[in-house]
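Topology and contacts: notes
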Amino acid sequence: MTTNRPKRLTEAKACAVADNSQLVKAASWSTTSEWNMTADDGTALVVVTPSYGGASRSGRNGWTYYLPALGPSGNRDHWPTRQQAATQGLMAWIRWATAAR
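Residues numbered from 1 in each chain as written. Predicted model: local features only at pLDDT ≥ 70, side-chain atom pairs only at ≥ 80, totals over all residues. Heavy atoms only, no water.

1. Side note on the sheet that holds strand E2 (residues 35–38)
- Strand order across the open sheet formed by 4 strands is E1-E2-E3-E4, with antiparallel pairing between neighbours. The outermost strands of the open sheet, each flanked by one partner alone, are strand E1 (22–25) and strand E4 (60–66). In this sheet, adjacent strand axes meet at a mean angle of 25° when their direction is disregarded.
- Pairing of E2 with strand E3 (residues 44–52) involves 4 bridges; the strand directions are antiparallel. Counterpart to Thr38 in the pairing with E3 is Ala44.
- The strands touched by helix H3 (residues 82–98) within the sheet are E1, E2, E3 and E4, with E3 carrying the most contacts at an inclination of about 135°. (Pairing = 2+ DSSP bridges. Helix = DSSP H or I, 4+ residues; strand = E, 2+ residues; numbered from the N terminus. Axes fitted to C-alpha atoms, helices over the stretch in contact; angles between N-to-C directions. Contact = heavy atoms within 4.5 Å.)

Okay, structure coming up:
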């Protein structure tokens, strides 16, 4: 069985990649308002996207994230700022990148 998943990273290497990543507007930002946490080589590690709904079911209620390698997964958690969602996303990416294959 083949997989698209890259080689497992050590925790130190994954943390180094995450530490050097940057939050930048996604190419589709003008229509989606999405932002990407990108590695030095330009690879999108995390997609940060507006979260809508909540108790009032109207308007944006924060930000959420997903890992491009896994696709949107229906993450229901949201954070007040893009940076907080990006940080949570990077922690999830580190867990994914260092998980046993």
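Don't stop here, the text continues.
2. Concerning helix H1 (residues 11–19)
- Listed as buried for H1 are Ala14, Val17 and Ala18. For H1, the buried positions fall inside an angular range of 100° around the axis, keeping them on one side. Opposite the buried face of H1, by more than 90 degrees, sit the exposed residues Ala12 and Asp19.
- Where the residues of H1 are buried, they touch E3 and H3. (Buried < 20%, exposed > 50% of the residue type's maximum accessible area, 1.4 Å probe, protein only. Arc of directions from axis to C-beta.)

3. Some words on the packing of aromatic side chains
- Within the structure shown, the criterion is met by 1 aromatic pair.
- Arranged with centres 5.7 Å apart and planes meeting at 35°, the rings of Tyr65 and Trp79 form a pair that is tilted. Of the two residues, Tyr65 sits in strand E4 while Trp79 sits in the loop between E4 and H3, which places them 14 residues apart along the sequence.
- One cation-aromatic arrangement involves Arg82 over Trp35; the distance from NZ or CZ to the ring centre is 4.0 Å.
- Positioned above the aromatic ring of Trp63 is the side chain of Arg82, whose terminal nitrogen or guanidinium carbon lies 5.5 Å from the ring centre. (Phe/Tyr/Trp six-rings, centres within 6.5 Å; stacked < 30°, edge-to-face > 60°. Lys NZ or Arg CZ within 6 Å of the ring centre and 35° of its normal.)

4. Digging into the layout of surface pockets
- Its volume calculated, the largest pocket comes out at about 330 Å³.
- Along the wall of the largest pocket there are 19 residues; nearest its centre are Val17, Ala39, Thr43, Leu45 and Trp93.
- Put simply, the parts of the chain that give the lining of the largest pocket at least two residues each are H1, E3 and H3.
- Looking at which element gives the most residues to the lining of the largest pocket, the answer is H3, with 3 residues.
- In the lining of the largest pocket, the residues fall into 13 nonpolar, 2 polar and 4 charged. (1 Å grid on protein atoms, 1.4 Å probe; cavity = no way out; pocket = protein on both sides within 12 Å on 5 of 7 lines; lining within 4 Å. Points joined across faces, edges and corners; volume = space filled by probe spheres on them. Nonpolar A, V, L, I, M, F, W, Y, C, P; charged D, E, K, R; others polar.)

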